[in-house]
Amino acid sequence: MNLAAVMTCHNRKLSTLNCLRALFGQNDNHAISVYLVDDGCVDGTVDAIRAEFKSVNIISRNGDLYWSGGMRTAWSECLSMQFDAYLWLNDDVILSQNALKLLTKEYLQHARNGETDVIVVGRTISPLTGYTTYGGLVRERTFSNLRYRLLLASEMYCDTMNGNCVLVPHAVAMKVGNISSRFSHALGDIDYGLRARRAGVTIVECKTPVAELEMNFAAYVGIPRVRSLSDLWRVLTHPKGIPVSEWMAFCATHGGVLWPLNFLARYLRIALKSLDFLPKRSQARGG
């Protein structure tokens, strides 16, 4: 398969270089092209990439794209070239040496069974504990339509996914499109998976782990604690907070008839936690 890896980076030089080393060190015969957004790096990331990986296509931007924006920009650069498939890859993921073999094998197995419209999600594990950190997601059985959990060992089919390591065939990309411009950082991957399922695309998780990646607890603060007006403003407006317009768009699109309750409940929990009425939560997925 002729693959394009889609990446974005911002001031994580060592992580980005290690990710690229693992990607180019794969034990397979697939052609791989890399399209990477430099989202305003000032730590020497770009110079280091150019020195070690001259084939990487670097798209320079100003630092205001964040994850969804960066990935959307990188993907738009190569979608028209009609690669066989596109690999979403976070720049902190360290792929195992047979990761691409595992992902493409999983896709081809489903394709031979007639499931050509299928996304394959790579499962990542903690190098310290061996526990799953990112991968496919299924809906939790609660009143909310917007809460998700990682798959169990016995499960393969997903409702949506984390976007850390995902193989999207070209036909699926043409059917679903790019990552939505409604999301700047978080939710773009979960939204994409839900849109794909709505379009009739199957999402499966590769059960053999394909990479090592520790949980980014800083990104999963769950319910931030607001102690000042500046804290509140950041939560409501910053891409790494819970921007009102983006959370509303996600809830209205995927939350069903109860979406206004889902929308308000998240901010209510923030208010209560800020008054020390609720215990801390280490992470949250969806709403």
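Preceding block: the structure.
Residues numbered from 1 in each chain as written. Predicted model: local features only at pLDDT ≥ 70, side-chain atom pairs only at ≥ 80, totals over all residues. Heavy atoms only, no water.

1. Observations regarding the packing of aromatic side chains
Then, number 1: This model, assessed by the stated rule, comprises 12 aromatic pairs.
Then, number 2: Centroid distance Phe24 to Phe53: 5.3 Å. Interplanar angle 15°. Geometry classified as stacked. Residue Phe24 is found in helix α1 (residues 13-24), and its partner Phe53 is found in the loop between α2 (45-52) and β3 (57-61); the two are separated by 29 residues along the sequence.
Then, number 3: Among the residues examined, Phe53 registers a relative accessible area of 10% and is labelled buried.
Then, number 4: On the numbers, 5.2 Å between centres and 65° between planes, the contact of Trp88 with Tyr192 is edge-to-face. You can see Trp88 sitting in strand β4 (residues 85-89) and its partner Tyr192 sitting in helix α6 (residues 188-198), a full 104 residues away along the chain. Accessibility classification places Trp88 together with Tyr192 in one group, the buried group. (Phe/Tyr/Trp six-rings, centres within 6.5 Å; stacked < 30°, edge-to-face > 60°. Helix = DSSP H or I, 4+ residues; strand = E, 2+ residues; numbered from the N terminus. Buried < 20%, exposed > 50% of the residue type's maximum accessible area, 1.4 Å probe, protein only.)

2. As for the sheet that holds strand β9 (residues 148-150)
Sheet strands line up and pair through hydrogen bonds in the backbone, either parallel or antiparallel.
Then, number 1: Ordered in space as β9-β8-β10, the 3 strands form an open sheet in which the pairing is antiparallel. Of all strands in the sheet, those bounded by a partner on one side alone are β9 and β10 (160-161).
Then, number 2: Across 3 bridges, strand β8 (residues 136-139) lies against β9 in antiparallel orientation. Residue pairing in the sheet places Val138 in a bridge with Arg149 of β9. (Pairing = 2+ DSSP bridges.)

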